[in-house]
Amino acid sequence: MHIQFLSQEASVFLLIFARIGSIFMLLPGFSYTAVSPRIRLAIALSITLVLYPILAPSFSTIRTDGQYLFLLLNEALLGLMIGTLIKMLTSTLDYAGTVIAYHSGMAFALIADPSNNGQQSSIFTGFLVLVALLLIFTLNIHHIMLMGLKSSYTYFPALQPLKVEIFSSHLVNIMGQSLLIGLKISAPFIFFSLIFNAGLGILSRLMPQLQVFFIIMPLNITISFLLLMLLLGVIMNSYIDYFSTMLAQITGIQ
């Protein structure tokens, strides 16, 4: 049965908006709870309107019957897949911040993390995420995300079935790279923790009557903050390079 319930222009616009809107639900910065859903929706609609004349020829063979609902769902799922891959790039700082907090003795100092919908995370994670977000928008790296909205139609053509194998390949690659970069970022703190705790153990053996934990822990926290201050530039430089490179690969920007 052929039921014509939408015009060609409206059908194409909804298909484009399904992918772009789904991506915007998960984009770092745009998807945070501090951003009003109305603002997020307005930006997604505006970008869809701008891209419509460019992308409309890709939907020339669209059918506006019952099959259209499956096409709409397919585009929405594609958008969620792309958005999930981009959002996972921030997991590097989640891992690094947690490791740093653990080795600095502040694992139980938790704050509301805007990148995780207000859920609690370590104070180092929240700080690193906010600094990285500031640099992403200051250095115009978010332009790569916006350009990726268009280039995703080259990498993931319109009206094509879901390419689960590509999504799985990117997912495994991002998880491995995130773990590696996060470990590199937190390596100085791990090394300092090993040396510090080894010295602490020797001191406790030499002076058993001394309450080493209560005396030395403030020093551990202070040195960890000083170390973060000294290495923050290197940490952010490494992460921004990783973020921009992986973002270009995900969105198909060469």
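Residues numbered from 1 in each chain as written. Predicted model: local features only at pLDDT ≥ 70, side-chain atom pairs only at ≥ 80, totals over all residues. Heavy atoms only, no water.

In terms of regular secondary structure, the protein is built from 8 helices and 2 strands. Each helix and strand of the protein, ordered N terminal to C terminal, gives the series α-α-α-α-β-β-α-α-α-α. In the protein, which comprises 254 residues, the share counted as buried stands at 42%. In the protein, 81% of the contacts between residues at least 6 apart in sequence involve partners at least 24 apart. About 13,300 Å² of surface is accessible on the protein, with carbon and sulfur atoms providing 72% of the total. (Helix = DSSP H or I, 4+ residues; strand = E, 2+ residues; numbered from the N terminus. Buried < 20%, exposed > 50% of the residue type's maximum accessible area, 1.4 Å probe, protein only. Contact = heavy atoms within 4.5 Å. Areas by Shrake-Rupley, 256 points an atom, 1.4 Å probe, with all protein chains shown as cover.)

Okay, the packing of helix H5 (residues 123-138) against helix H8 (residues 212-251) next. At a closest axis distance of 10 Å, the pairing of H5 and H8 adopts a crossing angle of 50 degrees. By the angle between their directions, the pair H5 and H8 is classed as oblique. Here H5 and H8 pass one another in a crossing that is right-handed. Side by side, H5 and H8 meet where Phe124, Phe127, Leu128, Val131, Ala132, Leu135 and Ile136 of the first sit next to Phe225, Leu228, Leu232, Ile235, Met236, Tyr239, Ile240 and Phe243 of the second. Of the residues that constitute the contact of H5 with H8, the class distribution is 15 nonpolar, no polar and no charged. (Axes fitted to C-alpha atoms, helices over the stretch in contact; angles between N-to-C directions. Parallel < 35°, antiparallel > 145°, perpendicular 65-115°, else oblique. Left-handed = near helix turned anticlockwise from the far one by under 90°. Nonpolar A, V, L, I, M, F, W, Y, C, P; charged D, E, K, R; others polar.)

Moving on to the packing of aromatic side chains. Applying the stated criterion to the full structure yields 7 aromatic pairs. Judged by centre distance (5.2 Å) and plane angle (65 degrees), the ring pair of Phe24 and Phe30 falls under edge-to-face. Of the two residues, Phe24 and Phe30, neither departs from the other in class, the shared state being buried. Look at Phe192 and Phe196: their rings are 5.4 Å apart centre to centre, the planes differ by 40 degrees, and that puts the pair in the tilted class. Remark: Phe196 and Phe192 occur in helix H7 (residues 164-206); sequence separation between them is 4 residues, near one turn of the helix. Across the pair, Phe196 and Phe192 agree in class, each one buried. An aromatic cluster of at least three residues, connected via ring pairs, comprises Phe24, Phe30 and Phe137. The ring of Tyr153 is capped by Arg19, whose NZ or CZ atom sits 3.9 Å from the centre of that ring. (Phe/Tyr/Trp six-rings, centres within 6.5 Å; stacked < 30°, edge-to-face > 60°. Lys NZ or Arg CZ within 6 Å of the ring centre and 35° of its normal.)

Considering the arrangement of structural elements, one finds Ile136 in helix H5. Note: C-alpha distance between Ile136 and Gly29 (107 residues apart in sequence) is 9.0 Å. Residues within four places of Ile136 in sequence aside, it is in contact with Ile141, His142, Met145, Ile240 and Phe243.

Bringing empty space enclosed by the protein into the picture now. Empty space left among the atoms is revealed by rolling a probe the size of a water molecule over them. Applying the stated rule across the entire model yields 1 cavity of 30 Å³ or more. Taken as a whole, the largest cavity spans an internal volume of roughly 40 Å³. Taken together, Pro28, Tyr32, Thr90, Leu93, Val129, Ala132, Leu133, Ile136 and Tyr239 form the lining of the largest cavity. With 4 residues, the single largest contributor to the lining of the largest cavity is H5. (1 Å grid on protein atoms, 1.4 Å probe; cavity = no way out; pocket = protein on both sides within 12 Å on 5 of 7 lines; lining within 4 Å. Points joined across faces, edges and corners; volume = space filled by probe spheres on them.)

Here the focus is the pattern of salt bridges. Under the counting rule described, the total for this entry stands at 1 salt bridge. For Glu75, the salt bridge goes to Arg19, with nearest N and O atoms at 3.0 Å. A residue pair is termed long-range when its members are at least 10 positions apart, and Glu75 in helix H3 (residues 67-87) and Arg19 in helix H1 (residues 8-24) qualify at 56 residues. Relative accessible area serves as the criterion here: at 1%, Glu75 is assigned to the buried category. What makes Arg19 buried here is its relative accessible area of 0%. (Salt bridge = Lys/Arg side-chain N within 4 Å of Asp/Glu carboxyl O.)

Just distances and angles here, no functional claims.
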